[in-house]
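# Geometric and topological summary
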Amino acid sequence: IKDSKQKLQEYAETLEDKVKERTAELQKAFEEVNALKKQQDGDYFLTSLLTHPLGSNKANSPNLNVDVLVEQKKKFEFRKWARDIGGDTCITSTVTLKGKPHTIFLNADAMGKSMQGAGGILVLGSVFHSVIERTKLSPKEADVFPEHWLKYTFVELHRVFEVFDGSMLISLVMGLIDDESGLMYYINAEHPWSVLYRQGKAEFIEKELVLRKLGTQGVAGQIEVCTLQLEPKDVIFVGSDGRDDLLLGYDSEGARIINEDEQLFLKVIEEADGQLDRIRDVLENYGELTDDLSLLRIGYKEDVHHDHTQLTQHVIQLLNRARLAVKANQLKVAIGDLEEAHRIDDSQPEVMRDLIKAYLKDKQFEKAANLAEDYIHIKPADSEFLYIASYCHKVLQNYKKAADFGERLRLRDHDMVKNLVNLADIYYLQGLYGRSRTIIDFAAKIDPHNL
């Protein structure tokens, strides 16, 4: 009993020292953890200083309203600054291609969390801004069609990320909008589908996966540029998967329930009436955000009340008379009436279309080619006339122009056999037999019975 009492006495006497010693150890550990956190937050802060300027909204168009929202999931404080960091970004700008102003847009999501995602965005943003500035400064770089600009830019970005051997992947939607006509050219590389909000109804504009993420190894195939003709008051939404990854609640075992319904975002846009500042609030009404969120909103001619010019009665009469003359195979009469109608109003696409086809039927290829170029400038969405322009320039032996128009059409629709045959013929006439054979072989796989 005496030994026990003595031990208790010794323990009591040394307890205070042991508590002090243990407290000192905990304090030291806390200081070490705190120092590491400060160092980590410092790294986050320095990285955010680099990535934040890259996500910029510099679009400048009288016909387009462009707004962005980027909210990274990882929040941190460093000294007096409160910042966030992550792998989402939105970039917009305005460039001139072939003498026409176009608005560039990009929404991207880099693989990984916090620093890894930010590293991907740092690389992507740097290269993409470099391409934009090169386009603005170099007349040669600006003298390309939108389809070609998108293709070359995508290939350049993909080659940069291929260097990382699959350890850094980027999903994105990247595109151009013709500021005057409202034609949108875009590429989706394994990103959530884009949304068209028209007359109070939201719907996805993509229907299938075409391209894999930037940096995906072993990817081969034809790049296809999609197009969409915007109408006044149309709104386009592009966003990362943070818009879908909502925490809806917990099941009976405490496991998280994450939203898996991609259609929910369409409902959110409609409830928010297409307004970006309301979309985030509506999303949070459904569930908690669990990932980086980035949204890009582009509205086309939202303030326009009417956006078309009426044909005059005289032009309508000339157009109707010309169509009757074409049916009667009186091409000279039809061309005369259509040329008069075109002189009265040279900006009417309907008149231009009929006149181009009449020239083509009458084998006036030079007039057809020149007018087709003017028409495409006004109505770039009309792919039929890309083919007509290409064919006419081929007949005129303007092979470079013929190939340019044919390749534009091929980027939009790489399975159009008559265009592939026309392109193969163009390259054959230039002595580019290997390229011609490759294209004709591809056409033969699509339609082996009609070549």
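Refer to the structure presented above.
Residues numbered from 1 in each chain as written. Predicted model: local features only at pLDDT ≥ 70, side-chain atom pairs only at ≥ 80, totals over all residues. Heavy atoms only, no water.

Let's shift gears to the overall build of the protein chain. When helices and strands are tallied, the protein chain shows 14 helices and 15 strands. The C-alpha radius of gyration computed for the protein chain amounts to 30 Å, which surpasses the reference 22 Å derived for 451 residues by more than 25%, pointing to a less compact arrangement than a globule. In terms of overall dimensions, the protein chain has C-alpha extents of about 130 × 50 × 45 Å along its principal axes. Here the protein chain, with 451 residues, has 45% of them falling under the buried criterion. Across the protein chain, contacts joining residues at least 24 apart in sequence account for 67% of those joining residues at least 6 apart. Put simply, the protein chain has 58 plus and 74 minus side-chain charges, and the middle of one group is 3 Å from the middle of the other. (Helix = DSSP H or I, 4+ residues; strand = E, 2+ residues; numbered from the N terminus. Rg over C-alpha atoms; globule rule 2.2 N^0.38 Å. Buried < 20%, exposed > 50% of the residue type's maximum accessible area, 1.4 Å probe, protein only. Contact = heavy atoms within 4.5 Å. Lys, Arg positive; Asp, Glu negative; His and termini not counted. Charge placed at Lys NZ, Arg CZ, Asp CG, Glu CD.)

Turning our eyes to something else, we now look at the pattern of salt bridges. Summed over all chains, the structure comprises 30 salt bridges. Here Glu190 ties to Arg212 by a salt bridge, and the two come within 3.4 Å at their closest N and O atoms. Of this pair, Glu190 sits in the loop between β7 (183-189) and β8 (195-198) while Arg212 sits in the loop between β9 (201-204) and β10 (226-229), and the two are 22 residues apart along the sequence. Members of the salt-bridge network, linked through shared partners, are Glu71, Lys75, Arg280 and Glu284. (Salt bridge = Lys/Arg side-chain N within 4 Å of Asp/Glu carboxyl O.)

Let us now look at the packing of aromatic side chains. Geometry of an aromatic ring pair is reported as the spacing of the ring centres plus the angle between the planes. Summed over all chains, the structure comprises eight aromatic pairs. Note on Tyr375 and Phe385: the rings are 4.6 Å apart at their centroids and 55 degrees apart in plane angle, and the pair reads as tilted. Of the two residues, Tyr375 is situated in helix α10 (residues 365-378) and Phe385 in helix α11 (residues 384-395); the sequence distance between them amounts to ten residues. Each member of the pair Tyr375 and Phe385 is classed as buried. (Phe/Tyr/Trp six-rings, centres within 6.5 Å; stacked < 30°, edge-to-face > 60°.)

The next subject is the sheet that holds strand β1 (residues 64-71). Pairing is antiparallel in the open sheet, where five strands are placed in the order β1-β15-β11-β8-β9. Single-partner strands in this sheet number two, and they are β1 and β9. If you compare each strand with its neighbour and ignore which way they point, the axes differ by 20 degrees on average. Across three bridges, the pairing between β8 and strand β11 (residues 235-239) is antiparallel. Pairing of Tyr197 across the sheet is with Val235, part of β11. Against the sheet, helix α5 (residues 264-271) makes contact with β8, β9, β11 and β15 (293-300), and its axis sits at roughly 150 degrees relative to β9, the strand it touches most. (Pairing = 2+ DSSP bridges. Axes fitted to C-alpha atoms, helices over the stretch in contact; angles between N-to-C directions.)

Taking 1.5 Å per residue as the helical rise, α11 with its twelve residues ought to reach 16 Å, and the 17 Å between its terminal C-alpha atoms agrees with that figure. When α11 is considered as a whole, its buried residues turn out to be Phe385, Leu386, Tyr387, Ile388, Ala389, Ser390, Cys392, His393 and Lys394. Residues of α11 that are buried make contact with α9 (349-361), α10, α12 (399-412) and α13 (417-429). Note on α11: the residue one or two positions beyond its end, Gln397, has a positive phi of about 65 degrees. (Expected span 1.5 Å × (residues − 1).)

Among the surface-exposed residues, Tyr428, Leu429 and Tyr433 lie close enough to one another that they form a single nonpolar patch of about 350 Å² accessible area. The class of Leu429 is partly exposed, set by a relative accessible area of 42%. (Patch = residues over 30% accessible without salt bridge, like charges linked within 9 Å, V, L, I, M, F, W, Y side chains within 5 Å. Areas by Shrake-Rupley, 256 points an atom, 1.4 Å probe, with all protein chains shown as cover.)

Once that is clear, we can look at the packing of α11 against α12. Between two packed helices, both the angle of their axes relative to each other and the distance between the axes serve to describe the pair. Between α11 and α12, whose axes approach to 7 Å, the crossing angle comes to 155 degrees. In this view, α11 runs roughly antiparallel relative to α12, as classed from their interaxial angle. The chirality of how α11 crosses α12 is left-handed. Where α11 abuts α12, its residues Leu386, Tyr387, Ala389, Ser390, His393 and Lys394 lie against Tyr399, Lys401, Ala402, Phe405, Gly406, Arg408, Leu409 and Arg412. Partitioning the contact of α11 with α12 into residue classes produces seven nonpolar, three polar and four charged. (Parallel < 35°, antiparallel > 145°, perpendicular 65-115°, else oblique. Left-handed = near helix turned anticlockwise from the far one by under 90°. Nonpolar A, V, L, I, M, F, W, Y, C, P; charged D, E, K, R; others polar.)

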